[in-house]
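Coordinate inspection notes
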Amino acid sequence: MEGPSRTAFARSGDLHIAYQVIGDGSVDVILVPAGFGHLETYWEEPRCARFLQGLASFSRLAMFDK
């Protein structure tokens, strides 16, 4: 299964917003993680990584840091 993608950054004014895109399915899924954290740390928790991989198995999953 696919693992974490490289973290990229988008600009919004003076802010830089971190995001990752994984998967290449025909459905787009936008995931807004609850709370605050870093995208890379979500992949370190095995249950969370399996959940993300499951979503990416049928979709193009995009997630970002708040």
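As a reminder, the structure under discussion sits directly above these lines.
The structure contained in this document is the topic of the report that follows.

Cut-off values and rules
- Residues numbered from 1 in each chain as written.
- Predicted model: local features only at pLDDT ≥ 70, side-chain atom pairs only at ≥ 80, totals over all residues.
- Heavy atoms only, no water.
- Salt bridge = Lys/Arg side-chain N within 4 Å of Asp/Glu carboxyl O.
- Helix = DSSP H or I, 4+ residues; strand = E, 2+ residues; numbered from the N terminus.
- Buried < 20%, exposed > 50% of the residue type's maximum accessible area, 1.4 Å probe, protein only.
- Polar contact = N/O pair within 3.5 Å; in protein donor to acceptor, adjacent residues only side chain to side chain.

1. Some details on the pattern of salt bridges
This model, assessed by the stated rule, comprises 2 salt bridges. Asp28 is the partner of Arg60 in a salt bridge, and the nearest nitrogen-oxygen pair spans 2.8 Å. Note that Arg60 is positioned in strand β4 (residues 59-64) and Asp28 in strand β3 (residues 27-31), a separation of 32 residues in sequence. According to the relative accessible area criterion, Arg60 is partly exposed, its value standing at 40%. Look at Asp28 and you get partly exposed, because its relative accessible area is 48%. Among the ionic pairs, Arg47 bridges to Glu45, the shortest N-O distance being 3.2 Å. A relative accessible area of 61% places Arg47 in the exposed class. By relative accessible area, which is 34% here, Glu45 ends up partly exposed.

2. Re the side chain of Thr7
Tracing the chain through its elements places Thr7 in the segment before β1 (8-12). Among the polar contacts listed, one links the side chain of Thr7 to the side chain of Glu40, at a separation of 2.6 Å.

Nothing here speaks to function; it is all geometry.
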